[in-house]
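Per-entry structural report
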Amino acid sequence: MMDQSLSSDLLPVQEAVNPEAIDEAPPAPRSFLDRLFDRGLLIRTGVDGLYGRSGAFESVVEALDRLVSRIGAADGAEALRFPPGMARSSFERSGYLKGFPHLAGTVHSFCGNETDHARLLACLDAGEDWTAKQAATDIVLTPAACYPLYPVAAARGRLPEGGLLFDLQSYCFRHEPSLEPTRMQLFRMREYVRMGTPEQVLAFRELWLERGTTMMRDLGLPLAIDPANDPFFGRAGKMLANNQRAQALKFELNVPVNSEDKPTACLSFNYHQDHFGTTWGIEQADGTTAHTACVGFGLERITLALLRHHGLDLDAWPAEVRAQLFG
Ligand code: ATP
Ligand code: ZN
Ligand code: MG
């Protein structure tokens, strides 16, 4: 089911010409982001991609989180929650900086003396750069909900025979400021992560490709499953991205939200092969390196897809959709 307003409000609005108002410029069409601000669903902070959320917006995020839990309930995943920061040492070892240095966010803190403090305040007053004495702390912002998990799983020793399954949710940071409401700098990712044999983790990914598709169809959203790649940095990154596609390691569930031409990845299904197993020394029961896969749900993105297709008034959403979420 496709909301007519999706395509129509991407086009400039044709205003009827009123001869008495001929001098006035026609009002600029409001973007989807502006309409979300107008309604108070998202709240401006002055930084693109950094927003407050209204209670109504959060009620959808929470409902989606519960819906995902219901769908996965029978699998007996172990739930773990980490804060949105992870150990810098783990982050360094994870390899994230090889692929995505441009997206990483580090936490810095003041580490000067009193003279430095006075200088900081003077710079602040003068509108100059005050960050000279800010130094990297032991904490880095979590780039994906599964990143803090791998060292924890590795520290437990070999996987049991059937492998392991985890349920995660975290705010994640990516330095990708954008005016598209679906590309935030701080957003929540719900994940399931499977560790085990290649067969076990691929079966898990297949299962969630099906479950994710059914879930999104039942929410009345038009969608397509497409092969995808991560935005690896630089020239070497092009090769990594091509390789990821050629080996069908990543799929996305795309929904048109900002435009029909460039639909938005709301869910992703990732097979890491033995990348994290090797990086962290995660071993299967027989001592061979574990393979891993994860399914990620972009909670804000799915919420925005629902708002786009069913309208900004939650009470007016189709009854079937409301029943799925709030039933
Ligand atoms: P994209 O190709 O749009 O950048 P991605 O491939 O970077 O997405 P993943 O790294 O697979 O996305 O992250 C898992 C899920 O988290 C995505 O499917 C999406 O729903 C959500 N997500 C990713 N980046 C953002 C963002 N900047 N803002 C909001 N949600 C995001
Ligand atoms: Zn993941
Ligand atoms: Mg991305």
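Residues numbered from 1 in each chain as written. Chains lettered and ligands numbered in written order. Predicted model: local features only at pLDDT ≥ 70, side-chain atom pairs only at ≥ 80, totals over all residues. Heavy atoms only, no water.

The name recorded for the protein chain in an unreviewed UniProt entry is Seryl-tRNA synthetase, from Methylobacterium aquaticum.

Position of Thr142 among the secondary structure elements: in the loop between strand E6 (134-141) and helix H7 (149-155). There is a polar contact of 3.4 Å between the side chain of Thr142 and the backbone nitrogen of Gly85. (Helix = DSSP H or I, 4+ residues; strand = E, 2+ residues; numbered from the N terminus. Polar contact = N/O pair within 3.5 Å; in protein donor to acceptor, adjacent residues only side chain to side chain.)

The full set close to ligand 1 counts 16 residues, and Arg174, Glu176, Met184, Lys250 and Ser268 are the nearest of them. Between ligand 1 and Lys250, the relevant distance is 2.7 Å, taken from an oxygen atom to a side-chain nitrogen or oxygen of the residue. If you list the elements that add at least two residues to the shell around ligand 1, you get strand E8 (186-196), strand E10 (250-255) and strand E11 (264-273). Ranked by residues supplied to the shell around ligand 1, first place goes to E11 with four residues. Split into classes, the residues belonging to the shell around ligand 1 amount to six nonpolar, three polar and seven charged. (Near = heavy atom within 4 Å. Nonpolar A, V, L, I, M, F, W, Y, C, P; charged D, E, K, R; others polar.)

Attention shifts here to the coordination of the zinc ion (ligand 2). All of the protein donors around the zinc ion (ligand 2) are Cys146 (SG), Glu191 (OE) and Cys294 (SG); their distances to the metal are 2.2 to 2.3 Å. Counting residues between consecutive donors of the zinc ion (ligand 2) along the chain gives the motif C-x44-E-x102-C. Here Cys294 lies in strand E12 (residues 291-298) and Glu191 lies in strand E8, a separation of 103 residues in the sequence. The same class applies to Glu191 and to Cys294, which are both buried. (Donors = N, O, S within 2.8 Å, 3.2 Å for Na, K, Ca; no water. Buried < 20%, exposed > 50% of the residue type's maximum accessible area, 1.4 Å probe, protein only.)

In this model, the protein chain carries an average pLDDT of 93, and 93% of its residues clear a pLDDT of 70 or more. When the criterion is pLDDT under 50, residues 1-5 qualifies, and its contacts beyond four places in sequence or with other chains add up to 14 contacts. Confidence drops under a pLDDT of 50 for residues 7-17, and excluding neighbours within four residues, the segment shows eleven contacts in the predicted structure. With pTM at 0.92, the complex prediction returns an ipTM value of 0.99. (pLDDT = per-residue confidence, 0-100. Contact = heavy atoms within 4.5 Å.)

The contact between helix H3 (residues 55-72) and helix H8 (residues 198-218) brings their axes to 11 Å, and the two run at 135 degrees. Taken together, H3 and H8 sit at an angle that is classed as oblique. At the point where H3 passes H8, the crossing takes the right-handed sense. Two secondary-structure elements touch here, H3 through Leu64, Leu67, Val68, Ile71 and Gly72 and H8 through Trp208, Arg211 and Met215. (Axes fitted to C-alpha atoms, helices over the stretch in contact; angles between N-to-C directions. Parallel < 35°, antiparallel > 145°, perpendicular 65-115°, else oblique. Left-handed = near helix turned anticlockwise from the far one by under 90°.)

Okay, the pairing of E11 next. Summarising burial for E11: nine of the ten residues are buried, a large majority. Note that E10 and E11 share six bridges and pair antiparallel. Following the sheet pairing, Val255 is matched in E11 by Thr264. Relative to E12, E11 is paired through six bridges, and the arrangement is antiparallel. Residue pairing for E12: Ser268 is matched across the bridge by Gly296. (Pairing = 2+ DSSP bridges.)

Split by domain assignment, the protein chain resolves into domain 1 (32-104 + 143-326) and domain 2 (108-140). Just the C-alpha atoms count here: the centres of domain 1 and domain 2 sit 35 Å apart. Taken together, the contact between domain 1 and domain 2 spans six residues of the former and five residues of the latter. Around 430 Å² of area is buried between domain 1 and domain 2 when both sides are counted, 57% of it from carbon and sulfur atoms. The three residues of domain 1 that bury the most area against domain 2 are Met86, Arg88 and Phe91, which together make up 81% of that side's buried surface. The interface formed by domain 1 and domain 2 holds three residue pairs in polar contact (both at pLDDT 80 or more) in total. Those elements that provide at least two residues to the side of domain 1 that touches domain 2 are strand E4 (85-87) and helix H4 (88-94). Residues that form the side of domain 1 that touches domain 2 fall into these classes: four nonpolar, one polar and one charged. (Domains from an automatic or database assignment. Buried area = accessible area lost by both parts, 1.4 Å probe.)

Another aspect to go through is helix H9 (residues 234-246). With 13 residues, H9 should cover 18 Å at 1.5 Å per step; its first-to-last C-alpha distance of 19 Å lies within 8% of that length. Those residues of H9 that sit buried are Gly237, Ala241 and Gln244. The arc that holds the buried residues of H9, viewed along the axis, is 60 degrees, so those residues lie on one side. Along H9, the residues that are exposed and aim more than 90 degrees away from the buried face are Arg235, Ala236, Lys238, Met239, Asn242 and Ala246. Buried residues in H9 make contact with E10. (Expected span 1.5 Å × (residues − 1). Arc of directions from axis to C-beta.)

With respect to burial, E12 is a largely interior element, eight of its eight residues being buried. The side-chain alternation of E12 yields two buried faces, one formed by His291, Ala293, Val295 and Phe297 and the other by Thr292, Cys294, Gly296 and Gly298. Sheet topology places E8 next to E12; eight bridges connect them, and they run antiparallel. For Gly196, the partnering residue across the bridge sits in E12 and is His291.

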